[in-house]
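Coordinates in review
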Amino acid sequence: MNIFMIGGGGREHALIWKLSQSRKVDKIWCAPGNGGIAALAECVPLKATDIPGLVEFARKNRPDLVFVAPDDPLALGLVDELEAIGIRAFGPHKNAAVIEASKSFAKDLMRKYHIPTAAYAVFDDPASARAYIEQQGAPIVVKADGLALGKGVTVAMTVEEAVAASDAAFGGAFGKAGARVVIEEYMTGVEASVLCFVDGEHWIAMPAAQDHKPVFDGNRGPNTGGMGSFAPSRAYTKEIAEITERTIIEPTVRAMAAEGRPFKGVLYFGLMLTAAGPRVVEYNARFGDPETQSLMPLLKSDLVPILEACIDGTLDRISVEWYDGACACVVLASGGYPGSYQKGLPIHGLGKLPRDVAAFHAGTARADGAMVTAGGRVLGITARGETLPDALAHAYEGVRCVSFDGMHYRTDIGKIG
Ligand code: AMP
Ligand code: GLY
């Protein structure tokens with residue numbers, strides 16, 4: 001079969017790496033793809049948000065399956081538009097993708113269905129938001145309602161910082177995404193990302209993963225798109241998994257169906273494992289990045305039948321197998337990231353990676369036959385091992401093979417949390 005992947009980061013490279021191992025797959029296109037993806041797929045120069053362009057490409061080339069990986073095209077209704085022209089697509093419909101695209105929708109859903117999460121209030125004007133923050137006190141969390149490239153959240157340690165974040169959102173710092181603001185109780189605990197395959201009614205959880213958002217070792221510095229990940233999470237014990245499944249996963253899948261928004265695709269539960277039990281920090285309507293880089297190498301089963309079962313509503317009839325052991329992914333970032341950074345710098349040493357270490361490309365491009373940097377997060381150096389320390393040792397061995405000007409990475413992936 002022929003597959004059309006939408007997206008062009010490390011997540012999409014890891015998914016394509018896995019899909020290309022399937023005997024069912026003949027050809028993969030990817031829009032827009034990147035320098036590394038180009039080795040496994042034909043890259044199509046269309047942005048992931050160019051809905052008319054992507055639909056037109058699908059109409060002409062008739063892929064057997066379109067995999068919509070990023071949040072924006074899901075929120076824009078790409079899956080609905082593809083289905084309208086008779087093309088199968090993996091990912092939630094627009095009315096279900098709202099679980100990520102609107103934080104106030106997600107919070108109201110959790111309140112209505114008694115799903116554990118931080119207490120909150122929603123505001124449409126800066127004055128009432130300020131009054132609420134002053135009344136609640138700090139620490140407190142301020143979130144732009146809509147999709148804001150992962151930048152719409154401020155964990156404020158003081159009232160002043162919270163008011164500034166709320167004013168900035170209302171002032172247009174996140175465009176339309178910040179016209180509504182959610183203010184939340186501050187929670188503490190270890191975070192875990194639990195991704196589930198969902199077919200509208202049934203679900204299968206993947207091993208819990210953990211990402212590392214702050215840019216520097218020891219969780220210092222500003223938040224990034226993710227500096228590394230590992231799976232399975234140590235903190236997500238069998239007992240916590242059982243509570244999460246009973247109080248969070250099953251009720252969320254049922255709630256979406258009951259609301260007439262059955263969720264099909266991957267539903268990502270961002271959890272805070274608090275002293276009072278697991279609580280939802282956020283939902284994503286898709287695979288996470290960089291979690292996916294450390295999950296795909298652990299997946300033993302063919303990914304294609306799982307995707308098809310999600311679309312067909314038959315997840316209860318298949319089983320999903322995982323390798324024992326652990327997987328770790330260390331992100332190599334451009335100098336200056338998450339602030340501004342240079343692009344087009346040559347990447348050295350990719351050919352020297354040990355055979356059991358994968359380099360998932362996040363922001364790379366080919367220029368005159370050489371691989372160069374093309375984004376803030378450049379590569380995810382990933383390895384599996386019998387244990388997490390084993391996987392980490394392999395991944396860091398790979399990291400030492402690769403270099404580019406200004407390259408930086410965290411040295412404590414998998415060591416904290
Ligand atoms: P989000 O984009 O919603 O995942 O938020 C980004 C990060 O902010 C999360 O991974 C948490 O580390 C932190 N965060 C979000 N909400 C809360 C909260 N209510 N309490 C404490 N930390 C939070
Ligand atoms: N790793 C968090 C996300 O994909 O949003």
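One can find the structure itself at the top, above this paragraph.
So, here is what we can say about the structure in this document. (Residues numbered from 1 in each chain as written. Chains lettered and ligands numbered in written order. Predicted model: local features only at pLDDT ≥ 70, side-chain atom pairs only at ≥ 80, totals over all residues. Heavy atoms only, no water.)

1. So, the overall build of the chain
- Across its full length, the chain carries 12 helices and 22 strands.
- What you see for the chain is a C-alpha radius of gyration of 21 Å, in line with the 22 Å of a compact globule of 417 residues.
- Principal axes of the C-alpha set define a box for the chain whose edges measure 60 × 45 × 45 Å.
- Put simply, the chain has 417 residues, and 56% of those count as buried.
- Taking as baseline every contact in the chain between residues at least 6 positions apart, the subset at least 24 positions apart corresponds to 68%.
- By element, 51% of the accessible surface of the chain is carried by carbon and sulfur atoms, the whole surface being about 17,000 Å².
- Side-chain charges in the chain split into 41 positive and 48 negative, and the spacing between the mean points of these groups amounts to 2 Å. (Helix = DSSP H or I, 4+ residues; strand = E, 2+ residues; numbered from the N terminus. Rg over C-alpha atoms; globule rule 2.2 N^0.38 Å. Buried < 20%, exposed > 50% of the residue type's maximum accessible area, 1.4 Å probe, protein only. Contact = heavy atoms within 4.5 Å. Areas by Shrake-Rupley, 256 points an atom, 1.4 Å probe, with all protein chains shown as cover. Lys, Arg positive; Asp, Glu negative; His and termini not counted. Charge placed at Lys NZ, Arg CZ, Asp CG, Glu CD.)

2. Brief notes about the packing of aromatic side chains
- Within the structure shown, the criterion is met by 10 aromatic pairs.
- On the numbers, 4.7 Å between centres and 45° between planes, the contact of Phe 4 with Phe 57 is tilted. Here Phe 4, found in strand β1 (residues 2–7), pairs with Phe 57, found in helix α2 (residues 51–61); they are 53 residues apart in sequence, far enough to count as distant.
- The interplanar angle of 75° and the centroid separation of 5.6 Å between the aromatic rings of Phe 269 and Tyr 283 together place this pair among those described as edge-to-face. Of this pair, Phe 269 sits in strand β16 (residues 264–274) while Tyr 283 sits in strand β17 (residues 277–284), placing them 14 residues apart in sequence.
- The exposure class of Phe 269 is buried, given its relative accessible area of 0%.
- Since its relative accessible area comes to 3%, Tyr 283 is described here as buried.
- The structure contains a cluster of three or more aromatic residues connected by ring pairs, namely Phe 67, Phe 90, Phe 197 and Phe 287. (Phe/Tyr/Trp six-rings, centres within 6.5 Å; stacked < 30°, edge-to-face > 60°.)

3. Points about helix α12 (residues 388–399)
- A rise of 1.5 Å per residue sets the reference length of α12, with its 12 residues, at 16 Å; its end C-alpha atoms lie 16 Å apart and thus fit the reference within 8%.
- Among the residues making up α12, those that are buried are Leu 388, Ala 391, Leu 392, Ala 395, Tyr 396, Gly 398 and Val 399. One face of α12 carries all of its buried residues, which in axial projection span an arc of 150°.
- Contact partners of the buried residues in α12: β15 (228–231), β18 (326–333), β19 (357–361) and β22 (377–385). (Expected span 1.5 Å × (residues − 1). Arc of directions from axis to C-beta.)

4. Details of the site of ligand 1
- Taken together, 15 residues sit near ligand 1, with Glu 184, Glu 185, Met 187, Glu 191 and Glu 282 positioned nearest.
- Within the side chain of Glu 191, one N or O atom sits 2.4 Å away from an oxygen atom of ligand 1.
- At 2.9 Å, a side-chain N or O of Glu 282 approaches an oxygen atom of ligand 1.
- Taking 470 Å² as the accessible area of ligand 1 by itself, protein coverage stands at 90%.
- Sorting the residues of the shell around ligand 1 by element identifies β7 (140–144), β8 (153–156), β9 (181–185) and β17 as the ones contributing at least two each.
- Split by residue class, the shell around ligand 1 holds 8 nonpolar, no polar and 7 charged. (Near = heavy atom within 4 Å. Polar contact = N/O pair within 3.5 Å; in protein donor to acceptor, adjacent residues only side chain to side chain. Nonpolar A, V, L, I, M, F, W, Y, C, P; charged D, E, K, R; others polar.)

5. Details of helix α8 (residues 159–170)
- Here α8 contains 12 residues, and its C-alpha end-to-end distance of 17 Å stays within 8% of the 16 Å for a straight helix at 1.5 Å per residue.
- Structurally, α8 contributes buried residues whose contacts are with β6 (120–123), α7 (126–136), β7, β8 and β9.
- At the C-terminal side of α8, Gly 172 shows a positive phi close to 105°.

6. What about the pattern of salt bridges?
- Taken as a whole and assessed by the stated rule, the structure comprises 16 salt bridges.
- Between Asp 312 and Arg 88 there is a salt bridge whose closest N-O contact spans 3.0 Å. One end of the pair, Asp 312, is in helix α11 (residues 303–312); the other, Arg 88, is in the loop between α4 (78–84) and β5 (89–90), and 224 residues separate them in sequence.
- Exposure remark for Arg 88: the relative accessible area of 29% places this residue in the partly exposed category.
- For Glu 134, the salt bridge is made with Arg 130, and the minimal N-O distance between the two is 3.8 Å. Of this pair, Glu 134 and Arg 130 both sit in helix α7, separated by 4 residues, roughly a single helical turn.
- Taking relative accessible area as the criterion, Glu 134 reaches 48% and is therefore assigned partly exposed.
- With a relative accessible area of 37%, Arg 130 lands in the partly exposed category. (Salt bridge = Lys/Arg side-chain N within 4 Å of Asp/Glu carboxyl O.)

7. A few points about the sheet that holds β22
- The sheet built from 5 strands is open, its strands ordered β12-β15-β18-β22-β19 with antiparallel pairing. In this open sheet, the two edge strands, each paired with only one partner strand, are β12 (210–211) and β19.
- Two elements, β15 and β18, share 4 bridges in a ladder whose sense is antiparallel. Residue pairing across strands places Ala 231 opposite Cys 327, the latter belonging to β18. (Pairing = 2+ DSSP bridges.)

8. Quick look at the site of ligand 2
- Near ligand 2, the surroundings consist of Asp 211, Tyr 268, Asn 284, Arg 286, Gly 288, Asp 289 and Glu 291.
- The side chain of Asp 211 places a nitrogen or oxygen atom 2.9 Å from a nitrogen atom of ligand 2.
- Taking Arg 286, its side chain carries an N or O atom lying 2.9 Å from an oxygen atom of ligand 2.
- Considered on its own, ligand 2 offers 200 Å² of accessible surface; in the complex 87% of this is hidden by protein.

9. Description of the nonpolar core
- Of all hydrophobic cores here, the largest spans 50 residues; its most connected members are Phe 4, Leu 82, Ile 99, Tyr 236, Phe 269 and Tyr 283.
- No other element matches helix α9 (residues 238–258), which puts 7 residues into this core.
- Setting aside residues up to four positions removed in sequence, Tyr 283 forms contacts with Ile 99, Glu 100, Ala 106, Met 110, Ile 115, Thr 252, Leu 267, Tyr 268 and Phe 269.
- Core analysis: the next-biggest nonpolar cluster, separate from the first, contains 42 residues, Leu 19, Tyr 268, Trp 322 and Ala 358 among them. (Core = buried A, V, L, I, M, F, W, Y, C linked by side-chain atoms within 4.5 Å.)

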